[in-house]
Every structure is written in structure tokens, then in C-alpha cells.
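Structural overview for review
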Amino acid sequence: MNSQGRPTDAGEATPVLRETFTGNRGLQIEEALIFETGREDATGVDIDEPASFASRLGDHARTSPIGLPGLTEPETIRHYVRLSRNNYSIDGGIYPLGSCTMKHNPRLNEKLARLPGFADVHPLQPISTAQGALALIHALAGNLLTMTGMSAVAMSPKAGAHGELCGMMAIKAAIAARGEGATRNVVLVPESAHGTNPATAALIGFSVRAVPAGETGIVSAAAVRAALGPDVAAIMLTNPNTCGLFEREIVDIAEALHEAGAYFYCDGANFNAIVGKTRPGDLGVDAMHINLHKTFSTPHGGGGPGAGPVVLSERLAPFAPVPYVVESGGRFDLVEHKGESQSFGRMTAFHGQMGMFVRALAFILSHGADGLRQASEDAVLTANYVRVVMGDLMSAPFGDRPCMHEALFDDHWLKEAGLTTLDFAKAMIDEGYHPMTVYFPLVVHGAMLIEPTESESKASLDLFLMTLRDLAFSALRGEKERFQSAPSLAPRRRLDETRAARQPVLRWTKSAPLRVGEP
Ligand SMILES: Cc1ncc(COP(=O)(O)O)c(C=O)c1O
């Protein structure tokens, strides 16, 4: 029996965990909703009684309490601190979510982002007082252009999906300017694409034509040629793709698109695997978003906002949105209005996520060109380490070939054990690991997509892999209970995910308060 009461071989039984009086498990606190603990008569502030006044609300005045919970300041702080402890984060442990790149955010970035000149800058303050902030945005833009080999960059999009929208709006404007707005209305999207790609295309009125992913996991130029026609406006192709593979026919694909009068939108969410190794501009890309929060650190998911600058080729540069920063004689200015230009307009009210810009530039400058290249190489190396170490136990859908920054497995190897990808993922939680991405990409049955961030040490990767191997052996030995009852050590057991999706309870309703001593 190990320290967590888990049987170390199939013969021993798992002890039943004793329920506690509080519902807490050790220092893992069972946190009630703020509406359940709050009282209407409690408050965290001391406000003077208002002077008496004559209400002018008449019949509109409330007759019953508003029902907001009242808590003292310490109670409020405890509630949110406890909730925050339920967050899993890259700062707490390895976060192997494929396609999501949970990147370590160096503390240096935080220090710089907190400098008052950046942290307190207001989008409406006079330009003359925001010169440093504009210089930083300009410097970051220049670095992105150097790394991608493109002509222009739109800095304002606030996430990858928002960047997709920006790039596709530039393409739409370019097509309209050619007088083909009514006829070129199809966007090609490979079957393995991230869901945001077809959603973006559809959102701005394109219809989507699927391109088969192919047996090798990459898109073939022949398949793209077969789908091309005078009605095609663009392709949205991810590179490296969502199967963790480099699109080896990308240059041929770009040529085919351009010959057919279409544009090449590249989803650059996985740029972290190729920075310093290849430039999208040299591959024939016309537009590509960069998830700053995946490639150049900056918090991601639950940790803060994102940023999705979009780089554009010379052909699309005239259609870039406003605002953008210009420099003349050492003075920075913002072009806020499109005027007579061909710009498609504006993506957001202001200029983008300043905090993300600071963090991304800090990451870029502190790494330098050689460090950025090494980060890409390390991302690919760690993913291949996972692929090779697990390759004798888990099945890979596209054979034994090198991957880029993430290793993809399917559920073929689990079939005989009568277990599913979900079972395996849930058992990882009991071992203290956030599961990998599961059931994505959709083209792979029972997909398990593992992206170990490049900053993981060999020791942490080895412990993770030993755990995965222990789980895999356990699955192959037929120890179903360990998987099908998992997670058994988490605050919540396995949820009925179908019911949660189909009949979500979105509204809390008050029930009778529990009296002390009640069972
Ligand atoms: C391939 C791909 N494209 C687009 C996106 C969307 O990016 P964001 O989450 O920043 O909107 C993601 C994010 O997971 C992705 O993996």
C-alpha cells in the first residue's frame, strides 16, 4: 500500500475514505458558494447611515431584499483565496495540455509589467505622455516581423481566435478590393483544424469546405489543389498542425493557393515550435496570428488575458486594421483613423493588451535570438522524449515518426483493457497531474495530445513519464478500478459529463440553511 492508500498490486483493496464532519479532506477545504455562507446583514465596509431623504422611486421601490450575500472582509478574502487554491497552474505543476501551450511565465516579466509607466498607462492619455508604451509596442511589433519575415503586424487582437478574425477580415477586404467579394466566398479548412478556424470563417460569412487530413496526419498539396476553385478565398491551415506535425507540403500548398488567386491564412498557435527555425513569410503565408500567451510566455488560461497579434504579407498589409504605431524622428504616434486607406477598420476600442506586450517583449529580449531558437528546440525535444518513452506502451496514430512540440497518442492500446481515454486522463488526476488534452484533434480516435512545456526539467519530465508508465502498465494489467473510479482523491469524483453539458445547472437556488449538528 503506498502513502495515499492506493494498492500497489492488484491483490490489495483500496480502503474506504472516511467522510469528515466538515466535508474537508485534510487541508483541502470544501468551499461553499458565497451565497451559501453570506448573510444579508454582514458587510466588509463601514458606511455612515445616509441622511434621510425623500425617495422619488414611488411604486418602483424594492419591497424585498436584493439577495446579495454579505461577508466581512476576512471572510471574503478567505473565500477567494481558497477558491484560487483550487486552480491548477503551470506554477504549481507540469501542465501537459496539448494545443494549449501552458508556458512558464518568468517572474522578470511580471516585474517589468508592474512598472507604473506600463501598468498604469491609460488608453486615452495624451500621446506625448505615453511615448514609452508606444515605443515598447513598436519594438515588439518589429521583433514579430523579424521572426516571421512578414511585412506588417496588427497588434490589437486580444487572443488567438480574435487574431484569426482580424486576419480573415483583412483577407475579406483584399478580396472585396479585387471586386471578387461576391464570388470568392469559400474557405478551406483541414479536418484536423482547431474549432476556432471554421468558426471564424463562418462568422464573417464564408462557407467552409473541409480538406481531408490524410493518413500521415498532414495536409497534402494534392488535396488542397482538388478543393481549390475560383470560389475559394483562402485556406486556414495550422502549422505545426494540431497533430503536432510540421506541414511538410506547406510551400507547395502556398503556391497552389496563390496560383488559384486565394490567400494563405496560417494559424500560428503553435509558433512556439518553430521560432528561430523557419519564418512563415518564407513559406508563403499571407496572414498568421501569434498567440503571445503560448509562444512568448505571458499568463495563459485562468492566469490572465491573452494577445493575438497578426502578421500580414505585403499583399495584405494595406488592409491591416487601425490603430497602429508609427515612428518618426524618435517620436511615436498612433494612426487611429483609416481615412482614405484600404484598412478594414478597427478590431477593438483601443490598442491591445499592454501587459501582454510588456511580458512578451521581456521574454524575447531576455532570451535573445539564440535563446528563442533553443526554446523551440527544447519544446520539440521534450515532446519527442515523451513520444519515445511512451511509444512502447501507447499507440501513436501516425506511426513512429518525430513530432514537433506535442506528442499525439490514440486509444487503440487501451481497447483490450476495456478502458477509454477519459478513464486514463481521470486517473492522472489522482496522481496529481493535470490531464493532457483529450479527444482532440477529432480526426484521431480517443486522442491524447501531450505538450510538455519546454521549461520542464528532465527530473520533472521523468517523474511525469514514470507516472504515465505506471498508469499504462496498470491499465494493461486490467486494473480497471483504478481508472473507472478515478478521480477518487480529488475534491469531486467523476462527473456525468454528458448530463453536465446537456442539463447544466446555471442558477443557484436557495435551500433551507443547515443547522449545526444536523446530519
Ligand atoms: C490551433 C489553435 N488555434 C487557435 C486557438 C485559439 O487561440 P486563443 O485560445 O488564444 O483564442 C488555439 C487555442 O487553443 C489553438 O490551439
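Look up: the structure comes first, before these words.
Source: prediction; values computed, not measured.

**What to know about the sheet that holds strand S10 (residues 407-409)**
An order of S10-S12-S11 is seen for the three strands of this open sheet, with the pairing classed as antiparallel. Each having just a single partner strand, S10 and strand S11 (437-438) make up the two edges of the open sheet. Looking at chain direction, S10 and strand S12 (residues 448-450) are connected through three bridges and run antiparallel. Residue pairing across strands places Phe 409 opposite Met 448, the latter belonging to S12. The sheet strands contacting helix H11 (residues 354-390) are S10 and S12, and the helix crosses S10 at an angle near 35°.

**Here's the deal with the site of the ligand**
Among the 13 residues in the neighbourhood of the ligand, the closest are listed as Ser 99, Gly 160, Asp 267, His 293 and Lys 294. Here an oxygen atom of the ligand and a backbone polar atom of Gly 160 are 2.8 Å apart. In this structure, Asn 291 approaches the ligand through a side-chain N or O atom, which is 3.0 Å from an oxygen atom. For the ligand, the protein covers 87% of the area, taking 390 Å² as the surface of the free molecule. Looking at the shell around the ligand, the elements that each hand over two or more residues are helix H6 (160-177) and helix H10 (292-295).

**Concerning the pairing of strand S5 (residues 263-267)**
Burial runs high along S5: five of the five residues are buried. Burial along S5 is two-sided: the face carrying Tyr 263, Tyr 265 and Asp 267 and the face carrying Phe 264 and Cys 266 are both buried. Relative to S5, strand S4 (residues 232-238) runs parallel, the two being bridged by five bridges. By the bridge assignment for S5, Ala 234 is matched with Tyr 263. Note that the unit made of S4, helix H9 (residues 250-259) and S5 has a crossover that is right-handed. Across three bridges, the pairing between S5 and strand S6 (residues 287-289) is parallel. Residue pairing in the sheet places Tyr 265 in a bridge with Ala 287 of S6.

Definitions and cut-offs
- Residues numbered from 1 in each chain as written.
- Predicted model: local features only at pLDDT ≥ 70, side-chain atom pairs only at ≥ 80, totals over all residues.
- Heavy atoms only, no water.
- Pairing = 2+ DSSP bridges.
- Helix = DSSP H or I, 4+ residues; strand = E, 2+ residues; numbered from the N terminus.
- Contact = heavy atoms within 4.5 Å.
- Axes fitted to C-alpha atoms, helices over the stretch in contact; angles between N-to-C directions.
- Near = heavy atom within 4 Å.
- Polar contact = N/O pair within 3.5 Å; in protein donor to acceptor, adjacent residues only side chain to side chain.
- Areas by Shrake-Rupley, 256 points an atom, 1.4 Å probe, with all protein chains shown as cover.
- Buried < 20%, exposed > 50% of the residue type's maximum accessible area, 1.4 Å probe, protein only.
- Right-handed = clockwise from strand over helix to strand, strands pointing away.

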